[in-house]
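Next come the chains, spelled out residue by residue.
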Amino acid sequence: MFLAQTEFDPPAGSRPKSVMNPEIASMSLRHFLTLNDFSGSELLALVQRAIALKQNPALAADFQRHTLGLIFDKASTRTRVAFEVAMTQLGGASIFLSKADTQLGRGEPIEDSARVLSRMVDCVAIRTFEHARLVRFAEYSRVPVINALSDSFHPCQLLADVQTFLEHRGPIAGKSVAWIGDGNNMCQSYINAAAAFDFELRIACPPGFEPDADLVNANKSRVRLVQDPATAVAGVDLVVTDVWASMGQEHEQALRGSSFLNYSVNEELMAQAAPEALFMHCLPAHRGEEVSAGLLDADTTVVWDEAENRMHSQKALLEMLLSQ
Ligand code: CP
Ligand code: NVA
């Protein structure tokens, strides 16, 4: 096959796709499918870069003529807007690709979609159901792939959460964190974060709703499962929760509601954490279920900073991945 050699000088940080050997590319290409794709020091550098970009947006690198593809099989407010705004502020563009409007929704294989889209765009962020689908896309992609949430992990949210903790309380290394509720995608990314950022994680889930046992075992030096929320939060520096039924589990809402009744994070539970403990929630939240309205609407809450930080941290992530 004849591959035309391009003659122009590509902008810094970009790869001319027409001359790229997919085998070589796949060996060197970095994706962000879970936090484990980056080292702890790389993740910390990303969080610090996000803080720097927040303080001075003019520091952002220039990615003119770069395009981010956003393949979203599930709803999103924060993740989508954060990526689109970040890409705009980096001088590039993004294309939102929902199931309803693309051939992916009509059964075009994920491998073919990866091959085609990655010849056109410079980075792809995917929000989907099975994590394996994301991995499969990345295997066939010539460009970096970001997990914008799968059923198993939500690594982008962890960048924002760690940034928020750092801004309000200093480094999270050596601190203790309680996860209350479902052992879901967020919980599993917290497990990875405990290892990457070096904090202690206590997880309180109702029986039957624990995170993946292998993942817990692989991180048992930093992660402990308990059933009682009060045991989990005793003296911790950060308490985190999430919805009881994630996207795709809406039909289990009623059943889950009864299992999770004692797993509400409220003022009484927070009183058992350290005096300066923070509360975080990735949002969207259900007031009166996993979190009390008073806690979420308190003047002292950091959840709105946490949401804002999605944009700064995803901008730092895009800078890093687009600079490969
Ligand atoms: N926290 C989060 O990922 O929010 P969205 O579902 O609105 O993107
Ligand atoms: N666990 C939630 C997180 C939403 C941001 C879900 O997957 O729906």
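Per-chain numbering applies: the sequence of each chain, read as written, is numbered from 1 onward. To label them, take the chains in the order written and letter them from A, then take the ligands in the order written and number them from 1. In keeping with the model being predicted, local features are shown solely for residues with a pLDDT of at least 70 and side-chain atom pairs are shown and tallied solely at 80 or more, while totals for entire chains, interfaces and linings include all residues. The side-chain numbers reported here are obtained from all heavy atoms of the structure, hydrogens and water having been left aside.

1. Digging into the sheet that holds strand S2 (residues 93-98)
- Pairs of strands are assigned from DSSP output, requiring at least two bridges between the strands. Secondary structure elements follow DSSP: runs of H or I no shorter than four residues count as helices, runs of E no shorter than two count as strands, and numbering proceeds from the N terminus. With respect to topology, 4 strands assemble into an open sheet ordered S2-S1-S3-S4, the strand pairing being parallel. If you trace the sheet from one side to the other, it starts and ends with S2 and strand S4 (145-147), each paired once. Averaged over neighbouring strand pairs, the angle between their axes works out to 20° when direction is ignored.
- Two strands pair when backbone bridges link them, and strand S1 (residues 67-72) and S2 are joined in this way by 6 bridges, in the parallel orientation. Looking at the pairing, Phe72 lines up with Ser98 of S2. Axis lines are fitted through C-alpha atoms, for helices just across the contact stretch, and the angle between N-to-C directions can take any value from 0 to 180 degrees.

2. Looking at the site of ligand 1
- Throughout this document, a residue counts as near a molecule or strand when at least one of its heavy atoms sits within 4 Å of that molecule or strand. Taken together, Ser76, Thr77, Arg78, Thr79, Arg127, His154, Gln157, Cys282, Leu283 and Arg310 make up all the residues around ligand 1.
- Arg78 has a polar backbone atom sitting 2.8 Å from an oxygen atom of ligand 1.
- Identification of polar contacts relies on pairs of N or O atoms within 3.5 Å, with a donor-acceptor requirement for protein atoms, meaning one able to donate a hydrogen and the other able to accept it, and with residues adjacent in sequence counted only if both atoms are side-chain atoms. Here an oxygen atom of ligand 1 and a side-chain polar atom of His154 are 2.8 Å apart.
- Calculation of accessible area relied on Shrake-Rupley with a 1.4 Å probe; when residues are assessed, cover is drawn exclusively from the protein chains displayed. Protein chains shield 96% of the accessible area of ligand 1, which is 250 Å² for the free molecule.
- Put simply, Ala, Val, Leu, Ile, Met, Phe, Trp, Tyr, Cys and Pro go in the nonpolar bin, Asp, Glu, Lys and Arg in the charged bin, and everything else, Gly too, in the polar bin. Of the residues belonging to the shell around ligand 1, the class tally is 2 nonpolar, 5 polar and 3 charged.

3. Things to note about the nonpolar core
- As used in this record, nonpolar core signifies buried Ala, Val, Leu, Ile, Met, Phe, Trp, Tyr and Cys residues forming a set joined through side-chain atoms within 4.5 Å. Partly exposed describes any residue whose relative accessible area lies between the buried limit of under 20% and the exposed limit of over 50%, with all areas from a 1.4 Å probe on protein chains only and scaled to the type maximum. Core analysis: the biggest nonpolar cluster contains 58 residues, and Phe32, Ile146, Tyr190, Leu201 and Leu318 have the highest contact counts within it.
- If you tally residues by element for this core, the top one is helix H7 (residues 185-197), at 7 residues.
- When residues no more than four places from it in sequence are discounted, the contact partners of Leu201 are Val177, Trp179, Tyr190, Ile191, Ala194, Arg222, Val223 and Arg224.
- Among the nonpolar cores identified, the runner-up in size contains 24 residues, and Val236, Phe260, Ala274 and Phe279 belong to it. The contact rule is simple, with two residues in contact once any of their heavy atoms fall within 4.5 Å.

4. Quick look at unusual backbone geometry
- Here the bond from Leu283 into Pro284 is cis, since omega is 5°, no more than 30 degrees from zero.
- Following the sequence through the fold, Pro284 ends up in the loop between strand S9 (278-281) and helix H12 (293-297).
- At Arg65, a residue that is not glycine, the phi angle is positive and equals roughly 65°.
- Inspection of the secondary structure puts Arg65 in the loop between helix H2 (40-55) and S1.
- With a phi close to 65°, Asp198 is a non-glycine residue in the positive phi region.
- For Asp198, the location among the structural elements is in the loop between H7 and strand S6 (200-204).
- Judged by its relative accessible area of 41%, Asp198 falls in the partly exposed class.

5. Examining the site of ligand 2
- Looking at ligand 2, the residues that line it are Leu149, Asn184, Asn185, Asp242, Val243, Ser246, Met247, Cys282 and Leu283.
- For ligand 2, a nitrogen atom lies 2.7 Å from a polar atom in the side chain of Ser246.
- Note that an oxygen atom of ligand 2 is positioned 2.8 Å from one of the backbone N or O atoms of Met247.
- Look at ligand 2: alone it shows 270 Å² of surface, and the protein chains cover 93% of it.

6. Focus: the environment of Pro284
- Using a relative accessible area of 51% as the deciding quantity, one classes Pro284 as exposed.
- With 36 residues separating them in the primary sequence, Pro284 and Gly248 have C-alpha atoms 15 Å apart.
- Apart from the residues within four sequence positions on either side, Pro284 is in contact with Arg78, Val243 and Glu290.

7. Describing the packing of aromatic side chains
- Only Phe, Tyr and Trp rings are paired, with Trp represented by its six-membered ring, and only when their centres lie within 6.5 Å; those with planes under 30 degrees apart are stacked, over 60 edge-to-face, the remainder tilted. Across all of its chains, the model carries 7 aromatic pairs by this definition.
- Note on Phe72 and Phe96: the rings are 5.5 Å apart at their centroids and 55° apart in plane angle, and the pair reads as tilted. With a gap of 24 residues between them, Phe72 in strand S1 and Phe96 in strand S2 connect regions that are remote in the sequence.
- Here Trp244 and Phe260 contribute two aromatic rings whose centre-to-centre distance is 5.7 Å and whose plane-to-plane angle is 20°, an arrangement assigned as stacked. One end of the pair, Trp244, is in the loop between strand S8 (238-241) and helix H10 (253-259); the other, Phe260, is in the loop between H10 and helix H11 (267-270), with 16 residues separating them in the sequence.
- Looking at Trp244, the relative accessible area reads 5%, which means it is buried.
- Residue Phe260 is classed as buried on the basis of its relative accessible area of 0%.
- An aromatic cluster is built from Phe209, Trp244, Phe260 and Tyr263, whose rings are joined through pairwise contacts.
- Counting as a charge over the ring demands two things of the Lys NZ or Arg CZ atom: a distance within 6 Å of the ring centre and an angle within 35 degrees of the ring normal. In this arrangement the basic side chain of Lys74 is found over the ring face of Phe129, its NZ or CZ atom lying 4.6 Å from the centre.
- Looking at Arg80, its charged tip hangs above the ring of Phe96, at a distance of 3.5 Å from the centre.

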